[in-house]
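Coordinate analysis (summary)
The residues making up each chain are set out below.
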Amino acid sequence: MEVEEKKSDTLQRIGKYTRHFFSGTLLSRLSGMLRDISMAAVFGDHPSVAAFMVAFRFSHFLRRILGEGALQSIFIPHYQEVRCKSENLAKGFFFQLTALLCIGLTLLIATVEIVLHLGLFSQSGEVTRLFTWMFPSILFICLYGLNTSLLQCQNSFFLSSVAPLSCNLIWIGAVFGTASLTVEKAMLYLALFTSIGFVIQWLMTLTKTWPILAEGKRALTSSLFKIPSDIKIIGRATLFGLIGITAVQINSFLDMLFARYADLKGPVYLWYAIRLEQLPLALVGFACVYSIIPSLSKLIKSKTIGEAQDLFLFGKRRIFLFVVPCTFALFALGLGSVNVLFGRGHFSEQAVIETTFCLWAYGLSLLPSTLVVYYSSLFYAYGDYKTPTWASLACVVLNILFNTLFVFLFHLGAISIALSTSLSAAINYWILRKIFHNRTNWESQHNLTNSLWKICLTNLLYRDWE
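With that settled, the discussion passes to the overall build of the protein. What the protein contains, in helices and strands, is 19 helices and zero strands. Residues counted as buried form 54% of the 466 residues belonging to the protein. Residue pairs in contact within the protein that sit at least 24 positions apart in sequence constitute 85% of those at least 6 positions apart.

A contiguous nonpolar surface patch, about 620 Å² in accessible area, is contributed by Trp133, Leu181, Tyr189, Leu192, Phe193, Ile196, Ile200 and Leu203. Looking at the nonpolar patch element by element, the count peaks at six residues for helix α10 (residues 183-219). Position of phenylalanine 193 among the secondary structure elements: in helix α10.

Even without being a glycine, asparagine 155 presents a positive backbone phi close to 60°. Within the secondary structure, asparagine 155 is located in the loop between α7 (138-153) and α8 (158-162). By relative accessible area, which is 33% here, asparagine 155 ends up partly exposed.

Once that is clear, we can look at the packing of aromatic side chains. The final tally for this structure, using the stated rule, is 20 aromatic pairs. The interplanar angle of 85° and the centroid separation of 6.4 Å between the aromatic rings of tyrosine 374 and tyrosine 375 together place this pair among those described as edge-to-face. Given a relative accessible area of 0%, tyrosine 374 falls into the buried group. Through a chain of ring-to-ring contacts, three or more aromatic side chains come together here, namely Phe312, Tyr374, Tyr375, Phe379, Tyr382, Tyr429 and Phe436. Sitting above the plane of the tryptophan 171 ring, arginine 35 keeps its charged end 4.4 Å from the centroid.

Before going further, it helps to spend a moment on α7. Each turn of an α-helix holds 3.6 residues, which means side chains three or four residues apart point in the same direction. Here α7 spans 23 Å end to end across 16 residues, near enough to the 22 Å set by a 1.5 Å rise per residue. Where burial is concerned, most of α7 is hidden: 15 out of the 16 residues are buried. Taken from the residues just after α7, asparagine 155 is the one with a positive phi, measuring 60°.

The next point concerns the pattern of salt bridges. The final tally for this structure, using the stated rule, is four salt bridges. Ionic pairing is found between arginine 35 and aspartate 36, a salt bridge with its closest N-O pair at 3.2 Å. The pair formed by arginine 35 and aspartate 36 is uniform in burial state, with each residue classed as buried. Linking arginine 439 and aspartate 384 is a salt bridge whose minimum nitrogen-to-oxygen distance equals 2.5 Å. Taken together, the residues arginine 439 in helix α18 (residues 415-440) and aspartate 384 in the loop between α16 (366-381) and α17 (386-409) connect sequence positions 55 residues apart.

Averaged over all residues, the pLDDT of the protein is 79; the fraction at 70 or higher stands at 80%. Ranking the helices and strands of the protein by mean pLDDT puts helix α9 (residues 164-177) first, with 92, and helix α19 (residues 445-465) last, with 47. Throughout residues 222-227 the model reports pLDDT below 50, and contacts reaching past four residues in sequence, or to other chains, amount to nine contacts. Across residues 459-466, where pLDDT falls below 50, the model places five contacts with residues more than four positions away in sequence or in other chains.

Take the packing of α16 against α18 next. Running from N to C, α16 and α18 cross one another at 35°; their axes reach a closest spacing of 9 Å. Once α16 is placed against α18, the crossing between them reads as left-handed. Between α16 and α18, the residues in contact are Pro368, Ser369, Leu371, Val372, Tyr375, Ser376, Leu378 and Phe379 and Ala425, Ala426, Asn428, Tyr429, Leu432, Arg433, Ile435, Phe436, His437 and Arg439, respectively. Classifying every residue of the contact of α16 with α18 by side-chain character gives twelve nonpolar, four polar and two charged.

Of note, threonine 194 is situated in helix α10. At a separation of 2.8 Å, a polar atom in the side chain of threonine 194 contacts the main-chain carbonyl oxygen of alanine 191. With residues near it in sequence (within four places) discarded, threonine 194 still touches Phe52, Cys167 and Trp171.

We now examine helix α12 (residues 266-290). Along α12, the largest kink reaches about 40° and is centred on alanine 282. Burial within α12 is extensive, with 25 of its 25 residues counted as buried.

Turning our eyes to something else, we now look at the nonpolar core. Residues Met39, Phe52, Phe75 and Phe342 are the most contacted members of the largest nonpolar core, which totals 122 residues. Residue contributions to this core peak at 17 residues, all from α12.

Bringing the packing of α17 against α18 into the picture now. Put simply, α17 and α18 touch, their axes get as near as 8 Å, and they point 150° apart. One finds that α17 runs roughly antiparallel with respect to α18. The element α17 and its partner α18 pack so that their crossing is right-handed. The class makeup of the residues in the contact of α17 with α18 is 14 nonpolar, nine polar and one charged.

What follows covers the environment of phenylalanine 331. Assignment of secondary structure puts phenylalanine 331 in helix α14 (residues 305-342). Along the chain, phenylalanine 331 and threonine 356 lie 25 residues apart, while their C-alpha atoms are 9.1 Å from each other. Phenylalanine 331 has contacts with Trp360 and Leu364, leaving out every residue within four places of it along the chain.

About the cut-offs
Residues numbered from 1 in each chain as written. Predicted model: local features only at pLDDT ≥ 70, side-chain atom pairs only at ≥ 80, totals over all residues. Heavy atoms only, no water. Helix = DSSP H or I, 4+ residues; strand = E, 2+ residues; numbered from the N terminus. Buried < 20%, exposed > 50% of the residue type's maximum accessible area, 1.4 Å probe, protein only. Contact = heavy atoms within 4.5 Å. Patch = residues over 30% accessible without salt bridge, like charges linked within 9 Å, V, L, I, M, F, W, Y side chains within 5 Å. Areas by Shrake-Rupley, 256 points an atom, 1.4 Å probe, with all protein chains shown as cover. Salt bridge = Lys/Arg side-chain N within 4 Å of Asp/Glu carboxyl O. Phe/Tyr/Trp six-rings, centres within 6.5 Å; stacked < 30°, edge-to-face > 60°. Lys NZ or Arg CZ within 6 Å of the ring centre and 35° of its normal. Expected span 1.5 Å × (residues − 1). pLDDT = per-residue confidence, 0-100. Axes fitted to C-alpha atoms, helices over the stretch in contact; angles between N-to-C directions. Left-handed = near helix turned anticlockwise from the far one by under 90°. Nonpolar A, V, L, I, M, F, W, Y, C, P; charged D, E, K, R; others polar. Polar contact = N/O pair within 3.5 Å; in protein donor to acceptor, adjacent residues only side chain to side chain. Bend = angle between axes of the 7 residues up to and from the residue. Core = buried A, V, L, I, M, F, W, Y, C linked by side-chain atoms within 4.5 Å. Parallel < 35°, antiparallel > 145°, perpendicular 65-115°, else oblique.

Below, the structure written as structure tokens:
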């Protein structure tokens with residue numbers, strides 16, 4: 001009876017965390033949607049906008065590693081492990097990791113900017129000029145990502161998820177403030193103001209993490225530059241993430257090049273399509289994952305495997321329950337949504353159609369992308385950083401092959417990149433799931449398949465009766 005009450009209390013808390021994450025993310029994503037609507041209406045699908053989007057993706061190369069990627073996924077289970085030993089040790093660990101991240105990124109940014117200005121800037125194209133304006137903001141994006149990880153460990157989900165609202169509002173203001181300029185010049189100012197927005201976004205989370213940083217500094221008994229074992233563990237683990245995500249980000253940049261080859265305006269269509277696809281991904285998929293991962297990691301680190309298995313199965317069922325209907329909704333409402341949100345101003349009817357095709361193709365990745373994050377976090381909680389890395393590398397190679405096939409052989413245009421992404425995500429999920437369940441046997445293939453068919457059938461029946 002006591003066990004059942006404890007389990008019920010845990011699930012209630014998970015539900016509350018999910019609501020907090022959802023509400024904060026909803027505000028952020030709605031503001032992001034208004035930002036994209038503004039961009040489409042004011043600048044349309046001009047090639048300079050495509051250049052801005054390519055530069056944005058390339059300048060945020062480290063974001064996926066340190067801002068919201070490997071480091072964040074690795075930090076949560078390790079912080080929870082240290083926290084089980086001592087709260088003060090955990091705060092000291094957070095302070096040292098923050099300080100080292102600041103020093104390392106500042107040196108990297110300074111080096112890259114000096115090289116660009118001395119050697120390449122005067123001869124570079126539009127993408128590189130925009131890159132030089134955007135790249136320094138990576139420091140504040142990564143610090144925000146680390147603060148977000150800490151806040152999630154502290155069960156504070158609203159502030160971390162609502163902070164991007166400030167950046168989006170500044171971005172929107174910059175769009176309308178530069179509307180009277182030429183598109184080429186407007187993109188330069190937009191790059192500057194987006195960087196300012198990322199600083200404000202970080203400052204919002206700093207208001208809550210600053211006291212923990214101060215306590216962590218006081219708790220340290222060794223020199224800042226004497227790297228403790230915890231930092232070394234994070235460093236080794238992040239190295240695997242660096243390998244995998246570096247390949248993914250190179251692949252992401254290659255996606256933009258494939259898109260530019262397939263269609264000069266292709267990056268624009270992909271940009272708006274993936275923004276719409278990421279709305280349910282963040283609101284529903286990531287809300288289900290990130291609200292449960294800190295608790296799940298804590299159970300695994302404390303060797304409470306039975307409870308961890310129950311919580312994992314609960315999270316898996318909830319992901320299917322919410323994400324599968326969202327996938328159907330993307331297909332049913334895709335064209336109308338793109339037309340209502342972006343089909344005005346300089347955004348042509350052809351742009352609406354192309355963006356919709358890309359959205360439908362990206363929609364296929366909604367469920368597998370969510371599950372890839374979920375399973376990767378489980379591997380990290382068990383201290384296995386190699387498996388997600390090798391799975392990611394394999395799927396990067398496959399993604400490039402799919403892009404080559406769809407762009408050069410079938411000539412499918414910008415939709416090729418979205419289709420390749422979805423296929424690669426599905427294969428990545430299959431690899432991680434196969435390896436994890438072979439090791440743990442936490443869930444049978446029969447039960448998963450039945451659950452999926454039941455959810456799909458329920459949604460189809462509901463749509464028919466409607």
